[in-house]
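# Examination of the molecular architecture
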Amino acid sequence: MALSYLQYEWRWLATNSPGKIPKQLHHLRERLGELLLPKQRRGRECPRVVKALAKRYPARKIMKTDLQ
């Protein structure tokens, strides 16, 4: 949304008369403040961890037998 808004404003500024550009840029700066994301919270309640991959097939236990 922010990028499309900036593209629209820059295209519109190109068609304006040079006397109106400072006023339009001031309005653009005010509007950009509304598009900023809020600061993220500091600590996480649940830290991120790498989960173990699931095995495709169950592991077969090899039993030792006395072969003679």
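To be clear, the structure that these remarks concern was listed above.
One structure accompanies this document, and this report is about it. (Residues numbered from 1 in each chain as written. Predicted model: local features only at pLDDT ≥ 70, side-chain atom pairs only at ≥ 80, totals over all residues. Heavy atoms only, no water.)

### Remarks on the overall build of the protein chain
On a plain count of helices and strands, the protein chain comes out with two helices and zero strands. By the compact-globule yardstick of 11 Å for 68 residues, the protein chain is too spread out, its C-alpha radius of gyration being 31 Å. The 68 residues of the protein chain split such that 7% are buried. Carbon and sulfur atoms provide 59% of the accessible area of the protein chain, an area that totals close to 7900 Å². In the protein chain, 16 side chains carry a positive charge and 5 a negative one; their mean positions are 7 Å apart. (Helix = DSSP H or I, 4+ residues; strand = E, 2+ residues; numbered from the N terminus. Rg over C-alpha atoms; globule rule 2.2 N^0.38 Å. Buried < 20%, exposed > 50% of the residue type's maximum accessible area, 1.4 Å probe, protein only. Areas by Shrake-Rupley, 256 points an atom, 1.4 Å probe, with all protein chains shown as cover. Lys, Arg positive; Asp, Glu negative; His and termini not counted. Charge placed at Lys NZ, Arg CZ, Asp CG, Glu CD.)

### Quick word on helix H1 (residues 2-15)
A rise of 1.5 Å per residue sets the reference length of H1, with its 14 residues, at 20 Å; its end C-alpha atoms lie 20 Å apart and thus fit the reference within 8%. Restricting attention to buried positions, one finds in H1 the residues Tyr5, Glu9 and Leu13. Around the axis of H1, the buried residues are gathered within 70 degrees of arc, so they sit on the same side. For H1, the exposed residues set more than 90 degrees away from the buried face come down to Leu3, Trp10, Arg11, Ala14 and Thr15. (Expected span 1.5 Å × (residues − 1). Arc of directions from axis to C-beta.)

Just distances and angles here, no functional claims.
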